[in-house]
Amino acid sequence: MQNSQTLLSVTNVAGVPLASVNEVLDRAVLELMASGIAATTRRTYMAGLRYWVAWYRLRSASLPWMDGPGLPATLRAIQQFIIDHCLRYLADENGGLSEQLAYALPEDVDRELVDRGLKQNLGYLSYANVRQRLIGLQYVHRLMGLDDSDLRSHEVRALLRAVLRIENESDAIRQMRAEEDDKKDVNQRGRLRPLCYSEMKAMLATCDDSLVGLRDRALLMVGWASGGRRRSEICWLSVEDLRPHPRGYEFLLTHSKTNQDGRHTGAPKPIYDENAKALDRWLKAANITSGRIFRSLHQGRIGSSISGDGIRRIIRRRVELAGLEGRFSTHSLRIGWVTEAGRRSLPIDQGMDLTGHRSVQTYLHYKRATDTARNPGANLLDDDGME
C-alpha cells in the first residue's frame, strides 16, 4: 500500500513543476514554517492536507469524475467531502425526509483512513471538524498560490450551514454525543458504577403498575437484558423493529452509534420471557401499535418518542428510589451487562453478539473488576477442583 503522502500526481503547483504530493507537502511545510504561524496550527493544517490527499485518492477509485489531481480542490470534490463526512436525513419514499441519518463515506475508505492514522474513529465527523479541515485546506491553497475560490464559494457555505442546522436540530446526534460524554466516565476508572443484576433488581422493585412504572420497568428490562443498549438505541427502537419469537421478541439494530446508516444490523437482540411480558404490558397500557416503543410522559399525555436526556432522568430517578450509592448514568446499563456477563462466564463472542462490539479489547474495557471471592480462580486448588 502506498503512503498517503505519495498518492496523487501533480504537474504544477504555484508555477513550480512537482512530481508528487509528497513534494507538495514538503513545500507546504516550508511555507507554513516560514509564515510564522503557531506550531499547533501548522500541524493541524498539514494533517488536514494529508487527510484530503488520502481521502481524494481513495474515493477516486469509485468515483470516475474524480480524475483530476485533487489540488486545487474543486467545488464538486469539496461538496463530496462534506457529504461523505457529515450526517444528513435520507429521503423517504414519499419524497420527504425520513428520520434516518446517514453519511456517504464508504466503509472500506473509512477504515483505511483510520488504519493509516489519519482519522481517529470510524464514522461521521462533526460540523466543527469538517469546517476546520476545510479552513486549513484553504489556508494551504493560499500559501501555495492555488485557486481557493471554490472553498470560499456560496455553494460550500450553504452546504455547511445545512450541516450545522441538522446538528443543532437533531436529537439523535445530541444523543450520540451524550453517549461520548458517558464513555469519558467509562475511561475514568471507579467514577461510573455498573448496573449489574442486583442493582437492576433493586431498581425494578421501585416500578409500580402506573403508566410511568410500566414504561420504566420495560425500558430498564429491555435496555439491559438485550445486551446493554446505548441510550440512542433505546430511543430509536420501534414497534416495526420487533420480530415475534417463541419466547417473546427479537430485533435487529437498524440505528446505533456505529450503524448510523443501517449498513450493519449484526445478530438479533433478544427480548425474552419476563422482559417480553414487561414490554407487552407497557405497549398495551400506552396503546402503542406502531412507531417508537419508549416515549415521554407528561401529565398523562404520551409523546411520540423519548430523548436521551429523558432516559438518563429515568435511570437516575430509579437509582435514587432504590437507594443505590455511587455515580450512575445511562452507560451504566452497558457496562453493568458486560460485567454481569463476565461474572457468569458468558463466552466473549456471545457477549459481543449482543452488545454489538466489534473489538474484543473494547468489550473487555467495559467489564468492571469482579469481587475476588466470586472469581472461580480463587478455588482452583480445592479438592473438588482437582481430578
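Residues numbered from 1 in each chain as written. Predicted model: local features only at pLDDT ≥ 70, side-chain atom pairs only at ≥ 80, totals over all residues. Heavy atoms only, no water.

Caption draft 1: Focus on the overall build of the protein chain. Scanning the protein chain for helices and strands turns up 15 helices and seven strands. Burial status across the protein chain gives 45% buried among its 387 residues. A separation of at least 24 residues holds for 63% of the contacts in the protein chain among residues at least 6 apart in sequence. Accessible surface, the protein chain: about 19,700 Å² in total, of which carbon and sulfur atoms supply 49%. (Helix = DSSP H or I, 4+ residues; strand = E, 2+ residues; numbered from the N terminus. Buried < 20%, exposed > 50% of the residue type's maximum accessible area, 1.4 Å probe, protein only. Contact = heavy atoms within 4.5 Å. Areas by Shrake-Rupley, 256 points an atom, 1.4 Å probe, with all protein chains shown as cover.)

Caption draft 2: Quick peek at helix α8 (residues 197–204). What α8 keeps buried is the set Glu 199, Met 200, Met 203 and Leu 204. Projected onto a plane normal to the axis of α8, the buried residues spread over an arc of 135 degrees and lie on a single side. Against the buried residues of α8 lie α9 (211–225), α12 (308–321) and α13 (331–343). (Arc of directions from axis to C-beta.)

Caption draft 3: Expanded view of the nonpolar core. One finds Leu 279, Trp 282, Ile 293 and Phe 294 to be the most contacted residues of the largest nonpolar core, which totals 46 residues. When residues of this core are traced back to their parent elements, those giving at least two are α8, α9, α10 (231–236), β4 (248–251), α11 (273–286), α12, α13 and α14 (348–355). Beyond its immediate sequence surroundings of up to four residues, Phe 294 is in contact with Arg 215, Ala 218, Leu 219, Val 222, Ile 234, Leu 237, Leu 279, Trp 282, Ser 305 and Ile 306. Ranked by size, the runner-up nonpolar core spans 40 residues in total, among them Leu 63, Ala 77, Phe 81 and Met 144. (Core = buried A, V, L, I, M, F, W, Y, C linked by side-chain atoms within 4.5 Å.)

Caption draft 4: Region of interest: the side chain of Arg 59. Mapped onto the fold, Arg 59 is located in helix α2 (residues 39–60). Each residue touching Arg 59, except ones within four places of it in the same chain, is listed here: Met 66, Gln 80, Asp 84, Ala 104, Leu 105, Pro 106 and Val 109.

Caption draft 5: Main features of the confidence of the model for the protein chain. Here the protein chain averages 80 in pLDDT, while 76% of its residues score no lower than 70. The low-confidence segment residues 1–21 (pLDDT under 50) makes 46 contacts with residues lying over four places distant or belonging to another chain. Taken as a whole, residues 260–264 scores under 50 in pLDDT and shows 21 contacts with residues more than four places along the chain or in a different chain. (pLDDT = per-residue confidence, 0-100.)

Caption draft 6: Here's a closer look at the packing of aromatic side chains. If you walk through the whole model with that rule in mind, you get six aromatic pairs. Note on Trp 52 and Trp 55: the rings are 5.1 Å apart at their centroids and 45 degrees apart in plane angle, and the pair reads as tilted. Of the two residues, Trp 52 and Trp 55 both sit in helix α2, three residues apart, roughly one turn of that helix. Per residue, the accessibility class of Trp 52 equals that of Trp 55, and both read buried. Taken together through their ring pairs, the aromatic side chains of Tyr 51, Trp 52, Trp 55, Tyr 56 and Phe 81 make up a single cluster. Above the ring of Trp 65, the side-chain terminus of Arg 76 is found at 4.5 Å from the ring centroid. (Phe/Tyr/Trp six-rings, centres within 6.5 Å; stacked < 30°, edge-to-face > 60°. Lys NZ or Arg CZ within 6 Å of the ring centre and 35° of its normal.)

Caption draft 7: Broad picture of the pattern of salt bridges. Enumeration according to the criterion identifies 17 salt bridges in this entry. Salt-bridge contacts for Arg 231 lead to Asp 309; the nearest nitrogen and oxygen are separated by 3.9 Å. Separated by 78 residues along the polypeptide, Arg 231 in helix α10 and Asp 309 in helix α12 bring together distant segments of the chain. Given the relative accessible area of 2%, Arg 231 is considered buried. The class of Asp 309 is partly exposed, set by a relative accessible area of 37%. Asp 309 is paired through a salt bridge with Arg 312; the nearest N and O atoms lie 2.6 Å apart. Highlighted residues: Asp 309 and Arg 312, both in helix α12, separated by three residues, approximately one helical turn. Salt bridges sharing partners connect three or more residues here, namely Arg 142, Asp 148 and Arg 152. (Salt bridge = Lys/Arg side-chain N within 4 Å of Asp/Glu carboxyl O.)

Caption draft 8: The arrangement of the pairing of β4 in detail. Pairing of strand β3 (residues 242–245) with β4 involves four bridges; the strand directions are antiparallel. Bridge assignment links Pro 244 to a residue of β4, and that residue is Tyr 249. Hairpin connection from β3 to β4: two residues lie between these consecutive antiparallel strands. Two strands pair when backbone bridges link them, and β4 and strand β5 (residues 269–272) are joined in this way by four bridges, in the antiparallel orientation. (Pairing = 2+ DSSP bridges.)

Caption draft 9: Spatial organisation of the environment of Leu 321. Tracing the sequence through the fold places Leu 321 in helix α12. In this structure, the C-alpha to C-alpha distance between Leu 321 and Thr 206, residues 115 residues apart in sequence, is 6.5 Å.

Caption draft 10: Region of interest: the packing of α13 against α14. Two numbers describe how α13 lies on α14: the axes approach to 11 Å, and their chain directions differ by 160 degrees. Compared by their axis directions, α13 and α14 come out roughly antiparallel. The interaxial crossing formed by α13 with α14 has right-handed handedness. Every residue of α14 that contacts α13 at Arg 334, Trp 337 and Val 338 is listed here: Gly 351, Leu 354 and Thr 355. (Axes fitted to C-alpha atoms, helices over the stretch in contact; angles between N-to-C directions. Parallel < 35°, antiparallel > 145°, perpendicular 65-115°, else oblique. Left-handed = near helix turned anticlockwise from the far one by under 90°.)

Caption draft 11: The arrangement of the sheet that holds β4 in detail. With respect to topology, three strands assemble into an open sheet ordered β3-β4-β5, the strand pairing being antiparallel. Whereas interior strands pair on both sides, the edge strands pair on one side only; in this sheet they are β3 and β5. Here the strands of the sheet are splayed against their neighbours by 30 degrees on average, with no regard to which way each runs.

Caption draft 12: Representation of the environment of Arg 116 within the structure. Checked against the element boundaries, Arg 116 lands in the loop between α4 (107–115) and α5 (127–143). Judged by its relative accessible area of 22%, Arg 116 falls in the partly exposed class. Arg 116 sits 62 residues away from Ala 54 along the chain, and the two C-alpha atoms are 9.3 Å apart.

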